[in-house]
Amino acid sequence: MDPIELTRKIRMALAPCSLGAWPTPLDTRPDLESASRTEVSLKREDRSSPRYGGNKVRGLEFLLAGLPAGTVCVTIGAVGSTHCLATAVHARHLGHRTVLAQFPQPETATSRALAAASVDRADFVARSRSHAGFPLALWRAWRTAGRLGRPRWIPGGGAAPAAVIGHLLAGLELADQLPAPPDAIVLPVGSGGTAAGLALAMAVLGWPTTVFAVRVAPALIANVWRVRRLSRGAVTLLTHHGIPIPDPPSRTPVVLDGLGAGYGHPTPAGEAARELAARHGVTLDPTYGAKAFAALRALPTGFRRVVFWVDDADLAVDMRGAGPPLLFVHGFPFDHTMWKHQLAGLTRWRRIAPDLRGAGASSAPASGYSMRRYADDLAAVLDGVGVEQAVVCGLSLGGYVLFELLRRHPDRVRAAIFCDTKAEPDSDEAKRGRDDLAAVAQRHGQTAVADRLVPNLLAPQTLENQPDVVRHVREMIQRMSLSGMVGALRALRERPDSRPTLPTVGVPTLVLGGEDDRISPPSVMEAIAAAIPGARYERVPAAGHLAPLEQPLAATRILGEFLEGL
Ligand SMILES: Cc1ncc(COP(=O)(O)O)c(C=O)c1O
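Computed from a predicted structure; not experimentally measured. (Residues numbered from 1 in each chain as written. Predicted model: local features only at pLDDT ≥ 70, side-chain atom pairs only at ≥ 80, totals over all residues. Heavy atoms only, no water.)

K.L.:
Is there a simple way to think about the environment of Ala 217 in this case?
P.N.:
When you line up the elements, Ala 217 lands in the loop between strand S8 (210–215) and helix H9 (224–240). Beyond its immediate chain neighbours, meaning those up to four positions away, Ala 217 contacts Val 189, Gly 190, Ala 222, Leu 259 and Tyr 263. (Helix = DSSP H or I, 4+ residues; strand = E, 2+ residues; numbered from the N terminus. Contact = heavy atoms within 4.5 Å.)

What follows is the structure, encoded as structure tokens:
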């Protein structure tokens, strides 16, 4: 059967909604041969959507199709479930709501970032402290969903026959992307939908390719029978729509064990594989991708040409809405969630908020941190989401990066917003302070850094009256990687003098700072505004160094007025 014709027929008959960009790229990666001992190509399912990618988008196109307005999608997963987050992000994009019931999983930087993002994006999240308490969380989720609107059940992991068809289409894309069938496809298997779809695709194409599904969940959930049941369900559904396709052979896929101590527990082999992949610029998560890549490295000989399914979503850029692009650059040692009020509030803009390298959910290389690198990373983020030019809003370190962006990539900046930042470089004393803080981080960890910084970062009123803001700031610091922290301190210490840049800024500029900012006080901010031609200065009362987070209403209003005037 011609794969292109089959894809067209399936899309016509099942009318999925449009959430992703297809086909996802297939990268041939000779550089990975030493790391993987095979000729490996990467199927970049992580690039499926700039809003929030990963393999789950495939299934959601089918699962969320045709839902009536006001639907409340209810689904389940671990606190760090990409399925939960993908459902929340994409359902919201379609105008629906999401309620999640979640059970615990071991904490890693990725699971913490996913947990924070799903609370941010879902309408309600019920979490249990233990697996035993999960039924109660599920009950609370259903009850809340019923109050919010018309509930619709989305199975855990999105594992349903309709979703399998999305993954079948992913497999069919290979026909056009590879000169010959590969020896193997390797992917992680959790709830089984992805593996079921790929097994079907191989049957449809008549390829002799072995699908290796690396089990990362308990055998009760991730097993060949479940995968087979899902693929049979998809065959039945397609037959029902008048599209008969062959069923895969009964032992397909081949399930390999990659679980280790349990779901979400990193394994030594997985972590070694993750580090290796990271060295080649491939970000894998400890729960899924890392364990599957470890299995790829241990494949029996004879499997030379292998496609590795990169299912992981890139969590590192939060993208919302449509309209003129607005890029937010966070400060040190924070992440993009410091802009949460502006991301929620400035709805007429296409908001793009990345985590800088080493922060939040971005990968954290051991070295290579500088203003130049950060600025080039931002230009790459803009390239990645197809944006030529954006209004760029940077706070503190984000402001220094914005100066660098104006020097290195001036065409990418439509207007500039400097929040709580400085133009001058570090004094000798400030440089010593950076070294001290790096030593504290390395010796005592992130909590010690938070203890040291927080009292100085926030206004006295915030420290006293806004415990949620204090907690949020501490959490951002605590989840930052140590290498990212130490790298950022080095970049801050070595940053160039931006004072000569000030008179050259040729775009509309807003300068905004907290009235009680002790790090970049109003006099410093005023001087920046005075030196930039035509810049406007605004002071935010009762705010310190994190004005947009401490006084969201006032700060967002000032930003909104400036943006409206562009
Ligand atoms: C990043 C990632 N990879 C792989 C999988 C496994 O896919 P499936 O549940 O379809 O087996 C998941 C499932 O949640 C996932 O989040």
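Picking up after the structure, the text goes on.
K.L.:
Which parts of the structure should I look at to understand the pairing of strand S16 (residues 509–514)?
P.N.:
Where a strand is regular, its side chains alternate between the two sheet faces. The buried count for S16 comes to six of six residues, which makes it a mostly enclosed element. Side chains Thr 509, Val 511 and Gly 513 project from S16 onto one buried face, and the interleaved Leu 510, Leu 512 and Gly 514 project onto a second face that is buried too. In terms of strand pairing, strand S15 (residues 413–419) meets S16 through four bridges, oriented parallel. Across the sheet, residue Ala 416 finds its bridge partner in S16, namely Thr 509. Two elements, S16 and strand S17 (residues 536–540), share five bridges in a ladder whose sense is parallel. Of the residues in S17, the one forming a bridge with Val 511 is Tyr 537. Handedness of the crossover is the feature at issue here: the chain leaves S16, passes through helix H20 (residues 522–531), returns alongside S17, and the resulting connection is right-handed. (Buried < 20%, exposed > 50% of the residue type's maximum accessible area, 1.4 Å probe, protein only. Pairing = 2+ DSSP bridges. Right-handed = clockwise from strand over helix to strand, strands pointing away.)

K.L.:
Honestly, the pattern of salt bridges in this entry has me stumped. Any pointers?
P.N.:
Charged atoms that come close allow side chains of opposite charge to pair. As enumerated under the stated definition, the model contains 35 salt bridges in all. With a closest N to O distance of 2.7 Å, Arg 479 and Asp 335 form a salt bridge. With Arg 479 in helix H18 (residues 467–479) and Asp 335 in the loop between strand S12 (325–329) and helix H12 (340–345), this residue pair connects regions lying 144 residues apart in the sequence. A relative accessible area of 11% means that Arg 479 is categorised as buried. For Asp 335, a relative accessible area of 1% gives the class buried. Between Arg 434 and Asp 426 there is a salt bridge, with the nearest N and O atoms lying 2.7 Å from each other. (Salt bridge = Lys/Arg side-chain N within 4 Å of Asp/Glu carboxyl O.)

K.L.:
Looking at this structure, I do not really get the domain arrangement of the protein chain. What am I missing?
P.N.:
When its domains are assigned, the protein chain resolves into domain 1 (3–54 + 160–310), domain 2 (65–153) and domain 3 (317–564). Averaged C-alpha coordinates put domain 2 and domain 3 at centres separated by 30 Å. In this assembly, five residues from domain 2 lie in contact with six residues from domain 3. Each partner contributes to the roughly 480 Å² buried at the junction of domain 2 and domain 3, and carbon and sulfur atoms together form 44% of this total. At the surface where domain 2 touches domain 3, the tally comes to two residue pairs in polar contact (both at pLDDT 80 or more). Of the residues belonging to the side of domain 2 that touches domain 3, the class tally is two nonpolar, no polar and three charged. (Domains from an automatic or database assignment. Buried area = accessible area lost by both parts, 1.4 Å probe. Polar contact = N/O pair within 3.5 Å; in protein donor to acceptor, adjacent residues only side chain to side chain. Nonpolar A, V, L, I, M, F, W, Y, C, P; charged D, E, K, R; others polar.)

K.L.:
It is not clear to me how the environment of Leu 174 should be interpreted in this structure. Could you clarify?
P.N.:
The topology assignment puts Leu 174 in helix H7 (residues 161–177). Judged by its relative accessible area of 0%, Leu 174 falls in the buried class. Once the C-alpha coordinates of Leu 174 and Pro 410 are considered, the two residues, 236 residues apart in sequence, prove to be 39 Å apart. Ignoring anything within four residues of it in the chain, the contact list for Leu 174 reads Leu 26, Lys 43, Ile 185, Met 202, Trp 207 and Trp 309.

K.L.:
Could you clarify how one ought to interpret the site of the ligand in this entry?
P.N.:
Neighbouring the ligand are 13 residues; Thr 82, Gly 190, Ser 191, Gly 192 and Thr 194 lie closest to it. Within the side chain of Thr 82, an N or O atom sits 2.2 Å from an oxygen atom of the ligand. In this structure, an oxygen atom belonging to the ligand sits 3.1 Å away from a side-chain N or O atom of Tyr 288. For the ligand, the accessible surface in isolation is 390 Å², of which the surrounding protein chains cover 98%. Mapped by element, the contributors of at least two residues to the shell around the ligand are strand S7 (184–189) and helix H8 (193–205). In terms of residue class, the shell around the ligand is built from three nonpolar, seven polar and three charged. (Near = heavy atom within 4 Å. Areas by Shrake-Rupley, 256 points an atom, 1.4 Å probe, with all protein chains shown as cover.)

K.L.:
How should the sheet that holds strand S10 (residues 305–309) be read in this particular structure?
P.N.:
Two orientations exist for strands paired in a sheet by backbone hydrogen bonds: parallel and antiparallel. Spatial ordering of the open sheet is given by S1-S2-S10-S7-S8-S9, a layout of six strands whose pairing is mixed. Two strands in the sheet have a free side with no partner beyond their single neighbour: strand S1 (26–28) and strand S9 (254–257). The sheet shows a mean angle of 25° between the axes of neighbouring strands, taken without regard to direction. By the bridge criterion, three bridges tie S7 to S10 in an arrangement that is parallel. Bridge assignment links Ala 184 to a residue of S10, and that residue is Val 306. Packing against the sheet, H8 makes contact with S7, S8 and S10, and its axis sits at approximately 160° to S7. (Axes fitted to C-alpha atoms, helices over the stretch in contact; angles between N-to-C directions.)

K.L.:
Before we go on, may I ask you to explain the side chain of Arg 350 in this structure?
P.N.:
In this structure, Arg 350 sits in strand S13 (residues 350–354). For Arg 350, which is buried and forms no salt bridge, the nearest opposite charge comes from Asp 318, at a distance of 11 Å. Sequence-distant contacts of Arg 350, that is, excluding residues within four places in its chain, are made with Met 319, Arg 320, Gly 321, Ala 322, Gly 323, Pro 324, Pro 325, Leu 326, Val 385 and Val 387. (Lys, Arg positive; Asp, Glu negative; His and termini not counted.)

K.L.:
How should I be thinking about the packing of aromatic side chains in this particular structure?
P.N.:
On inspection of all chains with the given rule, the structure shows eight aromatic pairs. Here the aromatic rings of Phe 328 and Trp 339 are separated by 4.9 Å at their centres, their planes lie at 35°, and the arrangement is tilted. Of the two residues, Phe 328 sits in strand S12 while Trp 339 sits in the loop between S12 and H12, which places them eleven residues apart along the sequence. A ring pair is formed by Phe 403 and Phe 418, whose centres lie 4.4 Å apart and whose planes are at 25°; its orientation type is stacked. Of this pair, Phe 403 sits in helix H14 (residues 397–408) while Phe 418 sits in strand S15, and the two are 15 residues apart along the sequence. This pair shows no difference in class: Phe 403 is buried, exactly as Phe 418 is. When the ring centre of Tyr 400 is taken as reference, the NZ or CZ atom of Arg 495 above it lies at 4.0 Å. (Phe/Tyr/Trp six-rings, centres within 6.5 Å; stacked < 30°, edge-to-face > 60°. Lys NZ or Arg CZ within 6 Å of the ring centre and 35° of its normal.)

K.L.:
What should I look at first to understand helix H1 (residues 3–14) in this one?
P.N.:
Because the α-helix completes a turn every 3.6 residues, residues three or four places apart line up on one side. For H1, which comprises twelve residues, the first-to-last C-alpha distance of 16 Å matches the rise-based estimate of 16 Å (1.5 Å per residue) to within 8%. The inward-facing, buried residues of H1 abut helix H3 (56–63), H7, H8 and H9. Ala 15 sits one or two residues past H1 and shows a positive phi near 45°. (Expected span 1.5 Å × (residues − 1).)

K.L.:
Help me understand the sheet that holds strand S5 (residues 124–127), please; the structure alone is not making it clear to me.
P.N.:
Strand order in the open sheet formed by four strands is S5-S4-S3-S6, with parallel pairing between adjacent strands. The open sheet is flanked by S5 and strand S6 (150–153), the only strands paired with a single partner. Sheet twist, expressed as the mean angle between neighbouring strand axes with direction ignored, is 25°. Here strand S3 (residues 71–78) pairs with S6 via four bridges, running parallel. The residue bridging Cys 73 from the neighbouring strand is Arg 152, located in S6. Lying on the sheet, helix H4 (residues 82–93) is in contact with S3 and strand S4 (97–103); it crosses S3 at an angle near 160°. Packing of helix H6 (residues 134–148) onto the sheet brings it into contact with S3, S4, S5 and S6, and relative to S4 it is tilted by some 170°.

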